[in-house]
Amino acid sequence: MKLEDPHTGTALSLAEWWMPFTNNRQFKQAPRLLARAQDMHYWTVDGRQILDGAAGLWCVNAGHCRKPIVEAIQKQAAAMDYAPPFQMGHPVAFEAASAVAQIAPAGMKHVFFANSGSEAVETALKMTLAYHRARGEASRRVFIGRERGYHGVNFGGTSVGGIPGNRKVYAGLVAGVDHLRSTHDLARNAYSKGCPTHGVELADELERLIALHDASNVAAVIVEPVAGSSGVLLPPQGYLQRLREITAKHGVLLIFDEVITGFGRLGTPFAADFFGITPDLITCAKAINNAAAPMGAVICRNEIHDAIVNGAPEGTIEFLHGYTYSGHPLAAAAAVATQKLYRDENLFQRAAQIAPYFQEAMHSLRGARHVIDIRNCGLVAGIELEPRAGAAGKRAFETFLHCFEAGLLTRVTGDILALSPPLIIEKSHIDQMVEMLAAALKSVA
Ligand SMILES: Cc1ncc(COP(=O)(O)O)c(C=O)c1O
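Figured I'd write up the structure that's included with this text. Nothing here was measured: the structure is a model prediction, and the numbers come from that model.

Basis of the calculations
- Residues numbered from 1 in each chain as written.
- Predicted model: local features only at pLDDT ≥ 70, side-chain atom pairs only at ≥ 80, totals over all residues.
- Heavy atoms only, no water.
- 1 Å grid on protein atoms, 1.4 Å probe; cavity = no way out; pocket = protein on both sides within 12 Å on 5 of 7 lines; lining within 4 Å.
- Points joined across faces, edges and corners; volume = space filled by probe spheres on them.
- Helix = DSSP H or I, 4+ residues; strand = E, 2+ residues; numbered from the N terminus.
- Nonpolar A, V, L, I, M, F, W, Y, C, P; charged D, E, K, R; others polar.
- Phe/Tyr/Trp six-rings, centres within 6.5 Å; stacked < 30°, edge-to-face > 60°.
- Buried < 20%, exposed > 50% of the residue type's maximum accessible area, 1.4 Å probe, protein only.
- Near = heavy atom within 4 Å.
- Polar contact = N/O pair within 3.5 Å; in protein donor to acceptor, adjacent residues only side chain to side chain.
- Areas by Shrake-Rupley, 256 points an atom, 1.4 Å probe, with all protein chains shown as cover.
- Contact = heavy atoms within 4.5 Å.
- Salt bridge = Lys/Arg side-chain N within 4 Å of Asp/Glu carboxyl O.
- Pairing = 2+ DSSP bridges.
- Axes fitted to C-alpha atoms, helices over the stretch in contact; angles between N-to-C directions.

Describing the layout of surface pockets
Stage number 1. Space inside the second largest pocket adds up to approximately 1,000 Å³.
Stage number 2. As for the second largest pocket, its lining consists of 29 residues, of which Pro85, Val111, Phe112, Glu318 and His321 are closest to the centre.
Stage number 3. Mapped by element, the contributors of at least two residues to the lining of the second largest pocket are α4 (91-103), β4 (110-114) and α12 (302-311).
Stage number 4. Taken together, the residues of the lining of the second largest pocket sort by class into 17 nonpolar, 10 polar and 2 charged.

The structure is reproduced here in structure tokens:
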């Protein structure tokens with residue numbers, strides 16, 4: 001197949017871009033190339049329309065190429081492309097931080113910018129250590145993650161993460177990390193609508209881990225309120241509340257990694273709001289600016305900011321951390337426009353309103369060939385397939401390919417298909433998703 005850039009006509013070579021989290025050899029033999037996007041759809045380089053059932057990669061919550069966001073970026077690019085964020089500032093980054101703080105939980109009004117979810121996680125881990133040290137508890141250095149947790153790909157995030165394949169080669173370099181058990185329990189919780197009823201007791205394991213390491217050494221627990229990347233794993237009812245109680249009791253910080261759940265995915269600004277829990281830190285990225293430019297952030301409790309900033313000697317840089325692109329003007333302009341669009345169109349409420357329809361539509365696939373579980377919360381759903389003997393992940397990947405051929409973008413992880421459409425989705429799109437999923441499940445061996 002002769003490939004070219006559809007916009008410029010330039011011949012394309014696929015050899016040089018070493019693609020992330022991709023089977024490069026397979027992809028380059030049969031590439032899936034997207035050329036443009038608008039609202040709920042992508043178009044491939046050969047002009048096929050694809051319904052976006054994944055909001056890109058859990059991130060384009062307002063739908064694609066929305067005019068106010070596009071124009072904000074264009075305007076900012078023409079006015080000022082870049083400004084250094086170290087010992088210098090620019091208005092739009094402050095505006096972006098204010099817009100995020102405005103919807104953050106009460107008492108969490110400070111925002112530190114990074115450029116990705118992974119960087120937000122590293123920032124949160126460092127902020128945790130800096131906070132404990134500032135309060136005279138420098139011995140608190142142990143981090144507790146959870147099996148099947150995903151916290152990005154940098155060394156800290158890989159270590160506190162709990163996906164064996166990701167950890168195999170790289171984990172262990174960050175010492176002093178332990179893990180809670182995964183809450184995923186198909187035997188007791190398959191086909192739950194919303195959060196499953198069984199498993200709250202798994203949170204009590206945290207008492208054991210804190211006792212094992214001694215509370216005086218434990219810095220923080222990091223979990224995704226709803227795990228996305230490892231296959232849409234929902235917390236058992238009461239589980240997150242229990243984690244909050246135990247961490248608070250022992251002076252251990254609770255970090256909610258909301259890179260996927262932040263900005264309306266569950267029908268509320270954050271999962272923290274959905275579950276009625278205030279963590280100490282929230283990591284976010286993706287939908288913060290509708291993924292229109294790279295951006296991540298840590299939102300922290302005011303006490304954490306104050307302990308680090310006010311605790312440092314006058315005349316010093318209080319937190320020796322940051323990125324060249326922290327609060328990048330284009331990303332920040334996109335964030336301001338995105339947050340306004342979420343407000344103007346009530347998109348979080350919209351997600352909450354359409355979530356019951358989405359739930360019933362997804363669960364209508366119960367009984368389809370290969371399906372062993374369907375689970376959902378807000379506008380996110382996971383469909384778990386029986387793995388093929390000796391070929392884990394193959395069946396779901398083929399289903400993903402079938403869907404793409406039919407005109408639907410899904411996300412696949414192991415033998416789980418994940419759906420997380422833009423929050424502007426209409427009922428008719430949900431019906432189309434179900435039709436294409438049902439047809440794909442029928443045709444896959
Ligand atoms: C919960 C969570 N944390 C961190 C990340 C990493 O984000 P990024 O790929 O932007 O580095 C992701 C990515 O999906 C995520 O889902």
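What to know about the packing of aromatic side chains
Stage number 1. Summed over all chains, the structure comprises 7 aromatic pairs.
Stage number 2. Seen from their ring centres, Tyr82 and Tyr325 are 6.2 Å apart, and the 85 degrees between their planes marks the pair as edge-to-face. Placement of the pair is Tyr82 in the loop between α3 (67-79) and α4 and Tyr325 in the loop between α12 and α13 (329-344), with a sequence separation of 243 residues.
Stage number 3. Given a relative accessible area of 31%, Tyr82 falls into the partly exposed group.
Stage number 4. Judged by relative accessible area, Tyr325 falls into the partly exposed class, the value being 47%.
Stage number 5. Ring geometry for Tyr342 against Phe348: centres 5.0 Å apart, planes inclined by 45 degrees, an arrangement best described as tilted.

Comments concerning the site of the ligand
Stage number 1. Taken together, Ser116, Gly117, Ser118, Tyr150, His151, Gly152, Glu224, Ser229, Asp257, Val259, Ile260 and Lys286 make up the full set of residues adjacent to the ligand.
Stage number 2. The contact in question runs from an oxygen atom of the ligand to an N or O atom on the side chain of Ser229, over 3.4 Å.
Stage number 3. Residue Asp257 places a side-chain N or O atom 2.7 Å away from a nitrogen atom belonging to the ligand.
Stage number 4. For the ligand, whose unbound accessible area comes to 390 Å², protein coverage reaches 83%.
Stage number 5. Split into classes, the residues belonging to the shell around the ligand amount to 3 nonpolar, 6 polar and 3 charged.

With respect to the environment of Gly117
Stage number 1. Tracing the chain through its elements places Gly117 in helix α5 (residues 117-134).
Stage number 2. For the pair Gly117 and Lys286, spaced 169 residues apart in sequence, the C-alpha separation works out to 7.3 Å.
Stage number 3. Dropping the residues within four chain positions of it, Gly117 is found in contact with Val259 and Ala285.

Here we look at the pattern of salt bridges
Stage number 1. Considering all chains together, one arrives at 19 salt bridges under this definition.
Stage number 2. The closest approach of N and O atoms between Glu360 and Lys193, which form a salt bridge, is 3.0 Å. Linking Glu360 in helix α14 (residues 347-363) with Lys193 in the loop between α8 (186-189) and α9 (205-213), this pair joins segments that are 167 residues apart in sequence.
Stage number 3. For Glu360, a relative accessible area of 40% gives the class partly exposed.
Stage number 4. On the accessibility criterion, Lys193 (43% relative accessible area) is partly exposed.
Stage number 5. A salt bridge links Arg375 to Asp373, with the shortest nitrogen-to-oxygen separation between them at 2.6 Å. Of the two residues examined, Arg375 and Asp373, each falls in the buried class.

A short note on the sheet that holds β4
Stage number 1. Taking strand neighbours across the sheet as the criterion, the 7 strands line up as β4-β10-β9-β8-β7-β5-β6 in an open arrangement whose pairing is mixed. Each of the sheet's edge strands pairs with one partner strand only, and the pair in question is β4 and β6 (177-180). Adjacent strand axes in the sheet meet at a mean angle of 20 degrees, parallel and antiparallel pairs treated alike.
Stage number 2. In this sheet, β6 lies alongside strand β5 (residues 142-146) in parallel orientation, the contact comprising 4 bridges. Residue pairing across strands places Gly145 opposite His179, the latter belonging to β6.

What about the pairing of strand β10 (residues 296-300)?
Stage number 1. The buried fraction of β10 is high, at 5 of 5 residues.
Stage number 2. As paired elements, β4 and β10 share 5 bridges and run antiparallel to each other. Bridging across to β10, His110 finds its partner in Cys300.
Stage number 3. The pairing of strand β9 (residues 281-284) with β10 spans 4 bridges and is classified as antiparallel. Looking at the pairing, Leu281 lines up with Cys300 of β10.

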